[in-house]
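For reference, the chains in residue letters:
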Amino acid sequence: MTFAFSDEQQALRKAVRAFAADHSDEAAVRALAESDLGYDAATWRLLAEQVGVAGLLIPERHGGAGAGTVELAVVAEELGKQLFCGPFLSSAVLATGLLAGLAESAEVADLLSGLAAGTRVVTVALDEGAGTWDPADVTSVAADGPAGWTVSGSKRFVLDAVGADTLLVVASGPRVFAVDPAAPGVTVTPLHTLDATRRQADVRLTDAPARPLDGDAAAALRSALDTAAVVLAAEQAGGARAVLDMAVGYARTRIQFGRAIGSFQAIKHMCADLLVLVESAYSAAYYAAWAQDGGAADAHEATCLAAAFCADAFAKAAADNVQIHGGIGFTWEHPAHLYLRRARSGLALLGSPEADRERYLRAVIERSTLTGARA
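The following refers to the structure shown. Source: prediction; values computed, not measured. (Residues numbered from 1 in each chain as written. Predicted model: local features only at pLDDT ≥ 70, side-chain atom pairs only at ≥ 80, totals over all residues. Heavy atoms only, no water.)

Overall, mixed pairing links the 4 strands, which are arranged S1-S4-S5-S8 in an open sheet. At either end of the open sheet lies a strand with only one pairing partner, and these are strand S1 (122-125) and strand S8 (211-213). Put simply, the sheet's adjacent strands are angled 30 degrees from each other on average, direction ignored. Sheet analysis places strand S4 (residues 166-171) next to strand S5 (residues 175-179), joined by 5 bridges and oriented antiparallel. When the sheet's bridge partners are listed, Val-170 is paired in S5 with Val-176. Its contacts with the sheet place helix H6 (residues 106-117) against S1, S4, S5 and S8, and it is angled at close to 85 degrees to S8. (Pairing = 2+ DSSP bridges. Helix = DSSP H or I, 4+ residues; strand = E, 2+ residues; numbered from the N terminus. Axes fitted to C-alpha atoms, helices over the stretch in contact; angles between N-to-C directions. Contact = heavy atoms within 4.5 Å.)

Pairing within the open sheet is antiparallel, and its 4 strands lie in the order S2-S3-S7-S6. In this open sheet, the two strands that pair with only one neighbour each are strand S2 (141-145) and strand S6 (186-190). Neighbour to neighbour, the strand axes of the sheet diverge by 10 degrees on average, direction disregarded.

Here helix H10 (residues 336-346) lies mainly inside the structure; 8 of its 11 residues are buried. Burial in H10 covers these residues: Ala-336, His-337, Leu-338, Tyr-339, Arg-342, Ala-343, Ser-345 and Gly-346. Tucked inside the fold, the buried residues of H10 contact helix H2 (26-33), helix H4 (69-81), helix H7 (217-253) and helix H9 (299-325). (Buried < 20%, exposed > 50% of the residue type's maximum accessible area, 1.4 Å probe, protein only.)

On to the pattern of salt bridges. Inspection of every chain in the model, using the stated rule, returns 20 salt bridges. Lys-81 is paired through a salt bridge with Glu-77; the nearest N and O atoms lie 3.2 Å apart. Residue Lys-81 and its partner Glu-77 are located together in helix H4, separated by 4 residues, close to a single helical turn. Assessed through its relative accessible area of 17%, Lys-81 is described here as buried. In this structure, Arg-241 and Glu-279 form a salt bridge, with 2.8 Å as the shortest nitrogen-oxygen distance. With a gap of 38 residues between them, Arg-241 in helix H7 and Glu-279 in helix H8 (residues 265-294) connect regions that are remote in the sequence. Accessibility expressed as a relative area gives 18% for Arg-241, which makes it buried. (Salt bridge = Lys/Arg side-chain N within 4 Å of Asp/Glu carboxyl O.)

Below, the structure written as structure tokens:
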């Protein structure tokens, strides 16, 4: 099989790369990491207007591009290289994917239109502390009373909940409810996490007013989570490429004992191993994206494998980059630690690599069983 990016995908890559270079250099990333929101809302709207990133998954009738997972992966890779601070994963991928999988309604259409324009930020409140991102573990409850629906429960590690216009709260069933974070009964508590470039928060709901969104929530969640897993994998592959380039650049210019340290066998082998790791991460991420868009029979297995491999690959590459830089790599002033923090937090962002490998094995066994039964 030969995989090649189309002219449109290459143009998208070029546009995102240029935008990220202009708006997400190290100084901008550090400033946003120290800000209250964690990203600049005006820059996010500009990215939506100029490049259309916020509406890639959204159908054209709602102002989006109607693109697929490969296009999302291209964007994620370029943003990951620059540690872009913004609600791309939470709003443009996870929330948008979930909404697109639910039944068409006036509220869903309104949310999608706002998302496509970059004027609305929506995030998904699913995990409740187990770290599995599995709807089966949800214990939050919804009730239909005289005044309408309410939702009660606790959600943890909600991406970009601070500053979000709407929370898509998953309650037992599963069912999805749209909740206004400013409504009575909703408490959003920012978390101090290892990676300040991607904000998370705890959300407490106590009889919070909620609007039910109809449709097959279980199927929509599975699809949205699979898409988000591949997009995160592509972002991690991009981050791994960035730290590899950083390490190789330093190894070429850092002189010790009258020689560039890249000429020493230990550093040379480390960089070579990282190159193999990064190229493998790219292959895993983009094959999974292609499989999802093409409806391949092994799309879910490819997704689980990419999620596990790319998370580990980025963490390994970021740690080795610090080691290659030596003492300077451990300092606050050097950007190596920013990538290391993003990589380490990504190991538990949508579930752990261990859980992804478990899902991969279960999927392989299930498909093998079905194939054998048909034979």
